[in-house]
Amino acid sequence: MIASEDGFHRSLYQVKHESLSGQTAQTEGMRRLEAVSGRTVGSENLWMGQTHVAPATASANHHHGRSETGIYVVSGHPQFVFLDETGDGEPRETTLRTGPGDYIYVPPWVPHREENPDSDEEAVVVIARTTQEAIVVNLPDLRWVGPVGTTSL
């Protein structure tokens, strides 16, 4: 067996900031830059990149299909908006307000949007997804439009 086939003697990859690619799915009001993906480093189950939300703007409503999404706030104070249906059964728009160092988890299929209420500062976040592709499904509103939910033990 040669070293490259045993899974223990493979190389690490470095993706420098200037090498980030904007050739990924986009949503109005945001700019996504791809860093780690199947296309850039050959990953099979992971996608990572940056998202920039310009000052005083909001993204379109969207979801990321079957992918779980982890978000780390690098700079700015982005807000994440979704419909919360856990209260009295009547969906209500809920806003999570964040700052540098905060994390957000977006479950699969959950419609949401990012907002940047700051009129001067761009918001920058790092995104990690459980698929190596950047799934983005743009939506007309925040109502859920995914498959029937199931739970697994």
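Residues numbered from 1 in each chain as written. Predicted model: local features only at pLDDT ≥ 70, side-chain atom pairs only at ≥ 80, totals over all residues. Heavy atoms only, no water.

Per an unreviewed UniProt entry, the chain is named Cupin type-2 domain-containing protein, and its organism is Acrocarpospora macrocephala.

The next thing to look at is the sheet that holds strand β7 (residues 92–97). Paired through their backbone hydrogen bonds, the strands of a sheet run either parallel or antiparallel. Taken in spatial order, the four strands make up an open sheet running β3-β9-β6-β7, and their pairing is antiparallel. Both edges of this open sheet fall to β3 (57–58) and β7, since each of them pairs with a single strand only. Across two bridges, β3 lies against strand β9 (residues 113–116) in antiparallel orientation. If you follow A58 over to β9, its bridge partner there is E115. (Pairing = 2+ DSSP bridges. Helix = DSSP H or I, 4+ residues; strand = E, 2+ residues; numbered from the N terminus.)

Take the side chain of Q50 next. Of note, Q50 is situated in strand β2 (residues 47–53). Looking at Q50, the relative accessible area reads 17%, which means it is buried. One polar contact links Q50 to H52, side chain to side chain, over a distance of 2.8 Å. Setting aside residues no more than four positions away along its own chain, Q50 makes contact with H17, L20, R31, R32, L33, V124 and V125. (Buried < 20%, exposed > 50% of the residue type's maximum accessible area, 1.4 Å probe, protein only. Polar contact = N/O pair within 3.5 Å; in protein donor to acceptor, adjacent residues only side chain to side chain. Contact = heavy atoms within 4.5 Å.)

Turning our attention to the packing of aromatic side chains. Across all of its chains, the model carries one aromatic pair by this definition. Between Y72 and Y103 the ring centres are 4.9 Å apart and the planes differ by 55 degrees, which places this aromatic pair in the tilted class. Residue Y72 is located in strand β5 (residues 69–75), and its partner Y103 is located in strand β8 (residues 103–106); the two are separated by 31 residues in the primary sequence. The exposure class of Y103 is exposed, given its relative accessible area of 63%. Against the face of W47 rests R129, its NZ or CZ located 5.0 Å from the ring centre. (Phe/Tyr/Trp six-rings, centres within 6.5 Å; stacked < 30°, edge-to-face > 60°. Lys NZ or Arg CZ within 6 Å of the ring centre and 35° of its normal.)

Turning our attention to the sheet that holds β5. Read across the sheet, five strands follow the order β1-β2-β10-β5-β8 without closing on themselves; strand pairing throughout is antiparallel. Only two strands of the sheet have a single neighbouring strand rather than two, namely β1 (30–36) and β8. Sheet twist, expressed as the mean angle between neighbouring strand axes with direction ignored, is 25 degrees. Sheet analysis places β1 next to β2, joined by six bridges and oriented antiparallel. For M30, the partnering residue across the bridge sits in β2 and is V53. (Axes fitted to C-alpha atoms, helices over the stretch in contact; angles between N-to-C directions.)

Attention now goes to the pattern of salt bridges. Inspection of every chain in the model, using the stated rule, returns five salt bridges. One salt bridge in this structure joins E34 and R39, with 2.4 Å as the shortest N-O distance. Residue E115 pairs with R113 through a salt bridge whose shortest N-O separation is 2.8 Å. Each member of the pair, E115 as well as R113, carries the same accessibility label: buried. The network of salt bridges with shared partners includes E93, R113 and E115. (Salt bridge = Lys/Arg side-chain N within 4 Å of Asp/Glu carboxyl O.)

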